[in-house]
Amino acid sequence: QRYVYRFGGGVSDGGKGDRNLLGGKGANLAEMASIGLPVPPGFTISTEMCTRYYDEGGRFPDSLRDEVAAGIAHIEGVTGKMFGDKADPLLVSVRSGARASMPGMMDTVLNLGLNDQTVEGLAATSGDARFAWDSYRRFIQMYSDVVLELDHGAFEEALEIAKEDNGYFLDTDLTADDLRKLVAEYKALVEQQWGKPFPQDVHDQLWGAVGAVFGSWQSERAKVYRRLNDIPAAWGTAVNIQAMVFGNMGDTSATGVAFTRDPAKGDRAYYGEFLINAQGEDVVAGIRTPQYLTKAAKDAAAAKPASMEEAMPETFTELAKVFDLLETHYRDMQDIEFTVQQGKLWMLQTRSGKRTAKAALKIAVEMAEEGLITREEAIARVEPQALDQLLHPTLDPKAVRDVLTKGLPASPGAASGAAVFDSDTAEKRAAAGDSVILIRVETSPEDIHGMHAAKGILTARGGMTSHAAVVARGMGRPCVSGAGSISIDIKARVMRVGGREIAEGDIVTIDGTTGEVMAGAVPTVQPELSGDFGTLMGWADEVRRLKVRANAETPLDAKTAREFGAEGIGLCRTEHMFFDAERITNVRQMILAEDEAGRRAALAKLLPEQRSDFVQLFEVMAGLPVTIRLLDPPLHEFLPHEEAEFAEVASAAGVDIDTLKRRAAELHEFNPMLGHRGCRLGVTYPEIYEMQARAIFEAAIEVAEKSGAAPIPEVMIPLVGTRRELELMKIVVDQAAQAVFADKGRTIEYLVGTMIELPRAALMAGEIAEVGEFFSFGTNDLTQTTLGVSRDDAARFLGVYVEKGIYAKDPFVSLDVEGVGQLIELAAERGRKTRAGIKLGICGEHGGDPASIAFCEQTGLDYVSASPYRVPIARLAAAQAAL
Ligand code: ADP
Ligand code: MG
Ligand code: MG
């Protein structure tokens, strides 16, 4: 079996289709080489080797040595330099590369192949001793950090002291001699910390680095990242070994990172940063302030240092051509890494760029309009969940802001929360329910868990392409980076800015769209949805088959839902209307009544209130279907639970306190979820459902008369398990309808149906459909009753269940398609057999979950119903499911 795949110098053993085998980086390096772009030659050790390495207890098979030797020979052949050669040494980088780009993996080692002898050769052939010794000190520093895992603080300190001793400000001020001395210090540090001298044998260096890449696949950081992003451990990582090119060979050399379009806003403009006379991660590490790529961006930011467009016009033109070529070739926005060595451009990486939801929309729509991708592709490109970022509030522009400072607008959106200065604290406080803003000098992959827990991220250092910025955009967290005027005193747990102190726990607000950092909380407003949102949603609506409704009971929610494109209400929970402070007294009187007459008297007072609820709702939903679920929760939920409340409630309801207590005790249930609730209430107290039905029909006629547009009420009976239950309840509803119609001299269209939320109902769906005119799958209860898991008590063990792979995802968030899904399919099939074309929908929490929506599409349901803010997500997910 083969493990090594070459690229560069006219060969490409792989291509972009091989990301599973070669990892994303390796596959794209091979692809770029194959389309004629300047890629330093190299080879990739496949992900299969990683898997085998772990299977065999962390050892390489002997055959790999020969393959790697052949790979090195390939690079030597193309470059004309020999690995380990004292006169003109080949240097390589060792780069990890999983299928999905993954922070947490081993950092790249650059300049591998330098030792006490080859450094002299490099100095001689390049004619630049400073460059050679700078490369060597970088190599020792990186290798010690990422491969030997020594304390990197000591190396940084030695570097700082070297600069201070000479009165230098920048790394680039160090001379060849300074660097030579620094190298000696570094080597001493290695010996002291590692107990052995720094490896001088270049092959030892190489195998050490390769082993470290594979080893990092099982690092804690990588595991956390995989868990958060659903990446299987079995995928493994590849290793890329590639000839070095040097951006640190003086002022005609540089290194940079770029996006072919703006990853924050989506504008069609090259976007990026570069640094002259620098290497590798200098740009993102914030060692010096990077310079802009284009003149336009530089001018817009009123920055001083020349842009690349101005400083290196020819190379910039070449680079711009490469950007265009890569974008057309990959048909997507690319995130690119490049190096310029003495005027010559080299491409070191390309991949589809991470972007904000706003940018994703804009890029998808514009690329479709440019003809680069189809509309279907545009629809498929935007992750439905990501829309969430756009639908949520931004800072109120009119609110007073106590601005502390301004950094770079690295990831849009606004967030307020308690200031915390380390990731562990962020995680702890977030778990305790606090909103936190993570504030760091800069972030590293070790901060992933803290960034995930935080509502927003603020860094003192780093540009728009810094770790913090990139990761925050990917996570959809607002981020302000490079707020240079803040200083963080980690020991005192305070941040100082402009003469003020913010202690840990103080509330701060960041605006990732403007870069502002503010003291205190700032109120927010609803965002305006851009034209791109409307365009893409319009395209999605054209291709989707599933209708999308909303779960809503208040006119406000219903309005929001309609603005977001809801095509009706899929679930109006009437009990929510009963909890209103004024009404609850009438509800309690009804519950406390000793007989039917007493109950009817209380219900008569509730009728006009309930009717006016429905009038308001029907007005918003004029002409659209509205599914109304009759009373569902057990009655004791409406009675007080605290001793302190009893007296007041009793007097408001006009009963004595003992009666109230006795009634509350009578209504107590051991297992309310399976108790006296749902249609069981209607069966025992039909007058409750009768009143609700009356209110619905009276309201519907009132609205029809006022506006001419009659709503289509769909009266839904909850928790039905047998045909007879539904039949009894349908009689109650139909009689109420007839009475109202006779009263008003006018009829309207309506349906009576049921929720399918018990396994028995699903099994008996054939019979139930003889009575029910529609089914709505109540997947919250159906999941509880099928799994025998109470949603309210599941928190104690469900996390562990998901961690141990018992359920792939929380079954209350994403439908258990394997189990609960079978019941839905079966009920749909049996229902349709009895009643051809029976209307089928889903109204559980799952109605807003893209994976569950895909299942609903497959099962041929008619609609999904989601909470108002998830309506756009559901529309897009439904379209993707239909593609
Ligand atoms: P990451 O996955 O963290 O981006 P990379 O493997 O892309 O790590 O390496 C980081 C940086 O190191 C690159 O952007 C590039 O600047 C530099 N680099 C990597 N390989 C080489 C090389 N062969 N020559 C010059 N620079 C390199
Ligand atoms: Mg890195
Ligand atoms: Mg990279």
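Residues numbered from 1 in each chain as written. Chains lettered and ligands numbered in written order. Predicted model: local features only at pLDDT ≥ 70, side-chain atom pairs only at ≥ 80, totals over all residues.

### Here we look at the overall build of the protein chain
Scanning the protein chain from N- to C-terminus turns up 36 helices and 34 strands. The principal-axis extent of the C-alpha atoms belonging to the protein chain is close to 105 × 60 × 50 Å. The proportion of buried residues among the 883 residues of the protein chain is 51%. Look at the contacts in the protein chain between residues 6 or more apart in sequence, and 67% of them connect residues 24 or more apart. (Helix = DSSP H or I, 4+ residues; strand = E, 2+ residues; numbered from the N terminus. Buried ≥ 20, exposed ≤ 12 C-beta atoms within 10 Å, placed from the backbone. Contact = placed C-beta atoms within 7 Å.)

### Quick look at the site of ligand 1
In the vicinity of ligand 1, 16 residues are found, and the nearest of them are Ser 93, Arg 95, Thr 108, Gly 280 and Glu 337. Of all elements in the fold, only β6 (92–98), β8 (237–243), β12 (334–341) and β13 (344–352) reach the threshold of two or more residues within the shell around ligand 1. Classifying every residue of the shell around ligand 1 gives six nonpolar, seven polar and three charged. Counting residues domain by domain, the shell around ligand 1 receives three or more from each of domain 1 (4–243) and domain 2 (254–355). (Near = placed C-beta within 6 Å. Nonpolar A, V, L, I, M, F, W, Y, C, P; charged D, E, K, R; others polar. Domains from an automatic or database assignment.)

### Structural notes on the environment of Lys 163
Residue position: Lys 163 is located in helix α6 (residues 152–166). Counting along the chain gives 37 residues from Lys 163 to Gln 200, while the straight-line C-alpha distance between them is 26 Å. Residue contacts for Lys 163: discarding those within four places in its chain leaves Tyr 168, Asp 173 and Leu 174.

### Digging into the UniProt feature "active site" (unreviewed entry) in the protein chain
According to UniProt, the "active site" (unreviewed entry) feature falls on His 467 and Cys 843. The named residues occupy 377 residues along the chain; their greatest pairwise C-alpha distance, 40.1 Å, places them well apart from one another. Within the element layout of this structure, His 467 appears in helix α19 (residues 467–475). Topologically, Cys 843 is positioned in the loop between β33 (839–842) and α35 (850–859). Excluding residues within four positions of it along the chain, Cys 843 makes contact with Asn 551, Gly 570, Leu 571, Ser 776, Gly 778 and Ser 865. (UniProt positions renumbered as here; feature names shortened; annotations may be inferred.)

### Regarding the sheet that holds strand β23 (residues 500–503)
Pairing is antiparallel in the open sheet, where three strands are placed in the order β21-β22-β23. Looking at which strands have only one partner, the edges of the open sheet turn out to be β21 (486–489) and β23. For this sheet the average axis-to-axis angle between neighbouring strands, irrespective of direction, equals 25 degrees. Pairing of strand β22 (residues 494–497) with β23, which is carried by four bridges, proceeds in the antiparallel orientation. Counterpart to Arg 496 in the pairing with β23 is Glu 501. (Pairing = 2+ DSSP bridges. Axes fitted to C-alpha atoms, helices over the stretch in contact; angles between N-to-C directions.)

### A word on the pairing of strand β24 (residues 507–511)
In terms of burial, β24 is largely enclosed, as four of its five residues are buried. The pairing of strand β17 (residues 414–420) with β24 spans five bridges and is antiparallel. By the bridge assignment for β24, Ser 416 is matched with Thr 509. Of the strand pairs in this sheet, β24 and strand β25 (residues 516–519) are connected by four bridges, and their pairing is antiparallel. By the bridge assignment for β25, Asp 511 is matched with Glu 516. The loop that links β24 with its antiparallel partner β25 comprises four residues; one of these, Gly 515, has a positive phi angle of about 90 degrees.

### Details of the domain arrangement of the protein chain
When the domains of the protein chain are assigned, the result is domain 1 (4–243), domain 2 (254–355) and domain 3 (402–525). Averaged C-alpha coordinates put domain 2 and domain 3 at centres separated by 26 Å. Taken together, the contact pairs 10 residues of domain 2 with 14 residues of domain 3. Within the side of domain 2 that touches domain 3, the residues separate by chemical class into six nonpolar, one polar and three charged.

### Some thoughts on the pairing of β8
Burial within β8 is extensive, with seven of its seven residues counted as buried. Alternating positions in β8 separate into two faces, Thr 237, Val 239, Ile 241 and Ala 243 on one and Ala 238, Asn 240 and Gln 242 on the other, with burial throughout. Alignment of β6 against β8, held across seven bridges, turns out to be antiparallel. Directly across from Val 94, in β8, lies its bridge partner Ile 241.

### Looking at the nonpolar core
General note: in soluble globular proteins, nonpolar side chains tend to be found buried as a group. With 261 residues, the main nonpolar core has Ala 364, Ile 437, Leu 536 and Val 864 as its most contacted residues. The greatest single-element share of this core, amounting to 12 residues, is contributed by helix α28 (residues 686–707). If near-sequence neighbours (up to four positions away) are discounted, Ile 437 is found in contact with Ala 415, Gly 417, Ala 419, Ala 454, Lys 455, Gly 456, Leu 458, Val 508 and Ile 510. (Core = buried A, V, L, I, M, F, W, Y, C linked by C-beta atoms within 7 Å.)

### A closer look at α28
With 22 residues, α28 extends 32 Å from end C-alpha to end C-alpha; this agrees with the ideal 32 Å at 1.5 Å per step. Taken across its 22 residues, α28 has 16 buried, putting it largely inside the fold. One or two steps after α28, the chain reaches Gly 708, where phi turns positive at roughly 85 degrees. (Expected span 1.5 Å × (residues − 1).)

### Remarks on the environment of Arg 440
You can see Arg 440 is positioned in strand β18 (residues 436–440). Residue class for Arg 440 comes out buried when judged on the 25 C-beta atoms lying within 10 Å of it. Sequence separation between Arg 440 and Ile 336 is 104 residues; the distance between their C-alpha atoms is 26 Å. Not counting residues within four places of it along the chain, the set of residues in contact with Arg 440 comprises Asp 447 and Thr 459.

### Quick notes on the packing of helix α14 (residues 357–370) against helix α20 (residues 531–543)
Where α14 contacts α20, the axes come no closer than 9 Å and their chain directions differ by 60 degrees. In terms of their interaxial angle, α14 and α20 are classed as oblique. Considering the relative orientation of α14 and α20, their crossing is left-handed. Counted together, Leu 361, Lys 362, Ala 364 and Val 365 of α14 and Asp 532, Phe 533, Thr 535 and Leu 536 of α20 form the full contact between these two elements. Considering only residue class, the contact of α14 with α20 consists of five nonpolar, one polar and two charged. (Parallel < 35°, antiparallel > 145°, perpendicular 65-115°, else oblique. Left-handed = near helix turned anticlockwise from the far one by under 90°.)

### A short note on the packing of α6 against helix α7 (residues 176–194)
Two elements in contact, α6 and α7, have axes separated by 10 Å at closest approach and are oriented at 150 degrees. Considering the angle they form, α6 stands roughly antiparallel to α7. α6 and α7 meet at a crossing whose hand is right-handed. Contact residues: α6 offers Ala 154, Phe 155, Ala 158, Leu 159, Ala 162 and Asn 166, while α7 offers Asp 178, Leu 182, Glu 185, Tyr 186 and Leu 189. For the contact of α6 with α7, the class distribution of residues is eight nonpolar, one polar and two charged.

### Overview of the sheet that holds β6
The strand order β2-β1-β3-β8-β6-β7 describes an open sheet built from six strands, whose pairing is antiparallel. At either end of the open sheet lies a strand with only one pairing partner, and these are β2 (11–12) and β7 (109–112). As paired strands, strand β3 (residues 42–45) and β8 are joined by four bridges and run antiparallel to one another. The partner of Ile 45 across the bridge, within β8, is Val 239. Of the strands in this sheet, β1 (4–8), β2, β3, β6 and β8 are in contact with helix α1 (residues 19–34), which crosses β8 at around 40 degrees.

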